[in-house]
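Residue-level structural notes
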Amino acid sequence: MKTSAAAIFDTYHLAVYRYFRRLLGDREAAEDLTQEVFLRVIRGLDRYESLGRESAWVFRIARNVFFDNRRARRPDATRLGDIEACGVESDHVLAFDIQEALRLLSVHDCQVFVLKEVVGLSYAEIADATDVTENSVRSRLRRARLQLRASLRGRLVKSSMRDSGEGQG
Amino acid sequence: MKPEHIDALSAALDGELVEPALLAESLAQPDAAALLANFAALRVLAGADLDRPSDAFYATMATRLTRPGLGSRLLLSFRPRAMAACWIVAAFLAGYLLHSSRAFTPANQAPSIVTPAGAPASRSGIAPSRDGPGSPPTRSTASPPTGRSGARPPAVPSLYIRFGEWRETEPPSMRPAAGGEK
């Protein structure tokens, strides 16, 4: 059964918008990129055959749109395989909010974290959307969570056990 | 805490499959509870304060979804028409070439023209020499009478194409009749 573009839009537009909103932090840019994603969806719908991984297909397009936009803004950032760290030792930097903390992550770790925590994709879907293995998804997610935990430790729930852990260190 | 313990706790939090023994071992780690609580708090923060797109966005997308881009629509509508046009042009071309080749079949040619020397004129306008069969042929200089006195219209050289061979000649009706050369 062929899925219509309108149905895909209805299902995913909010998740795609929030994905960009969280990655970019800018509402207008998020709307522009979301629009671009669904234009590509409309164009690619004839070639797409539903294999049960519709979400992965849509977010693979979203990821490509994100990197295309990133390259357009930063022509030097052309190597997608590179971990584009921001040059900050984030373990020692406190972020004001989650948006700021996400900027301290590498772009690939950030992608995986947002796809999991904001969009709610499974590991398999994230692996499909980002062209990596599930083990890579697990390790990126672990890295992102630990780094965010360190950056946002002032804003996260303080448990007595963590305090005791710091006391041990 | 080892990475595999953190991965197991993450997987449990994310609803993924996790090996029970490994999960039990991970939960037994000293800061497992704090880690889980922090990860849950991160999830809350990541999903918080996320607004919806503006009304302008929805208006634009409604237009785009109901009316795809002009370029793609033109391309899609033009493709079958272009194919049809190509077939029509090809059919005309084939018909023209067929007609041209039939115009040169012997059945359509005028009866052989006899030159004053008595030899039949060749179709290319090269007539045998009057000096005899052994002499080199000479191009026929015969031309029909022109002007008001002549019954025939002035000769108009026409160009025929026959299988890639270009040949300038006169229509058969323009050729002089037997003994017409003066």
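Keep in mind that this is a model prediction, so the values were computed, not measured.

**Considering the overall build of chain B**
Assigned secondary structure in chain B consists of five helices and four strands. Sequence-ordered secondary structure for chain B, helices as α and strands as β, is α-α-α-α-α-β-β-β-β. Residue burial in chain B is summarised as follows: out of 182 residues, 11% are buried. Counting contacts in chain B only where the partners sit at least 6 residues apart, residues at least 24 apart contribute 37% of the total.

**Focus on the overall build of chain A**
Each helix and strand counted, chain A has eight helices and zero strands in total. Shown N-terminal to C-terminal, the secondary structure of chain A runs as helices and strands in the order α-α-α-α-α-α-α-α. A burial count over chain A gives 40% of its 169 residues as buried. Contacts in chain A between residues far apart in sequence, at least 24 positions, make up 62% of those at least 6 positions apart.

**So, the confidence of the model for chain B**
Residues and elements named next belong to chain B. Scored by pLDDT, chain B has a mean of 69; 47% of the residues are at 70 or more. Per-element averaging of pLDDT across chain B places strand S1 (residues 126–127) at the bottom with 46 and helix H2 (residues 20–27) at the top with 95. In this model, residues 121–135 is a region of pLDDT below 50 whose contacts with residues beyond four sequence positions or in other chains number 30 contacts. A low-confidence stretch, residues 178–182 stays under pLDDT 50, and its non-local contacts, those more than four residues away or across chains, total six contacts. What the predictor reports for the complex is a pTM of 0.60 with an ipTM of 0.79.

**Quick word on the interface of chain A and chain B**
The partner chain B presents 31 residues to the 34 residues of chain A that form the contact. Breaking the side of chain A that touches chain B down by element, the ones donating at least two residues are helix H1 (5–24), helix H2 (27–44), helix H5 (107–119), helix H7 (134–151) and helix H8 (160–168) of chain A. Grouping the amino acids of the side of chain A that touches chain B by side-chain chemistry returns 17 nonpolar, four polar and 13 charged.

**Some points on helix H1 (residues 3–14) of chain B**
For H1(B), built from 12 residues, the straight-helix expectation of 16 Å at 1.5 Å per residue is met to within 8% by its first-to-last C-alpha distance of 16 Å. Restricting attention to buried positions, one finds in H1(B) the residues Ile6(B), Ala8(B), Leu9(B), Ser10(B) and Ala11(B). Elements that come into contact with the buried residues of H1(B) comprise H7 of chain A together with H2 and helix H3 (32–47) of chain B.

**What to know about the packing of helix H6 (residues 123–130) of chain A against H7(A)**
Residues and elements named next belong to chain A. Running from N to C, H6 and H7 point in directions that differ by 100°, and their axes come no closer than 8 Å. With respect to H7, the element H6 is oriented roughly perpendicular. Across the interface between the two elements, Tyr-123, Ala-124, Ile-126 and Ala-127 of H6 pack against Glu-134, Val-137 and Arg-138 of H7. Grouping the amino acids of the contact of H6 with H7 by side-chain chemistry returns five nonpolar, no polar and two charged.

**Description of the packing of H5(A) against H6(A)**
Residues and elements named next belong to chain A. Where H5 meets H6, the closest approach of the two axes is 10 Å, and the angle between their N-to-C directions is 140°. Classified by the angle their axes make, H5 and H6 are oblique. The two elements H5 and H6 cross, and the hand of that crossing is right-handed. On H6, the residues touching Gln-111, Val-112, Leu-115 and Lys-116 of H5 are Ile-126, Ala-129 and Thr-130. Class assignment of the residues belonging to the contact of H5 with H6 gives a composition of four nonpolar, two polar and one charged.

**Focus: the nonpolar core**
Tyr19(A), Val58(A), Ala62(A) and Leu115(A) are the most contacted members of the largest nonpolar core, which totals 54 residues. The residues touching Val58(A), leaving out its near neighbours within four places in the chain, are Ile8(A), Tyr12(A), Val16(A) and Val41(A).

**A closer look at the confidence of the model for chain A**
Residue and element names in this part refer to chain A. In the predicted model, chain A carries a mean pLDDT of 79, and the fraction of residues at 70 or more is 75%. Scored below 50 in pLDDT, residues 78–91 shows 18 contacts in the model against residues more than four places distant or in partner chains. Across residues 159–169, where pLDDT falls below 50, the model places 12 contacts with residues more than four positions away in sequence or in other chains.

**A word on the environment of Arg142(A)**
Looking at where Arg142(A) falls in the secondary structure, it is placed in helix H7. Taking the C-alpha atoms as reference points, Arg142(A) and Phe113(A), 29 residues apart in sequence, are found 8.9 Å from one another. If sequence neighbours within four positions are ignored, Arg142(A) has contacts with Pro3(B), Ile6(B), Asp7(B) and Ser10(B).

Calculation criteria
- Residues numbered from 1 in each chain as written.
- Chains lettered and ligands numbered in written order.
- Predicted model: local features only at pLDDT ≥ 70, side-chain atom pairs only at ≥ 80, totals over all residues.
- Helix = DSSP H or I, 4+ residues; strand = E, 2+ residues; numbered from the N terminus.
- Buried ≥ 20, exposed ≤ 12 C-beta atoms within 10 Å, placed from the backbone.
- Contact = placed C-beta atoms within 7 Å.
- pLDDT = per-residue confidence, 0-100.
- Nonpolar A, V, L, I, M, F, W, Y, C, P; charged D, E, K, R; others polar.
- Expected span 1.5 Å × (residues − 1).
- Axes fitted to C-alpha atoms, helices over the stretch in contact; angles between N-to-C directions.
- Parallel < 35°, antiparallel > 145°, perpendicular 65-115°, else oblique.
- Left-handed = near helix turned anticlockwise from the far one by under 90°.
- Core = buried A, V, L, I, M, F, W, Y, C linked by C-beta atoms within 7 Å.

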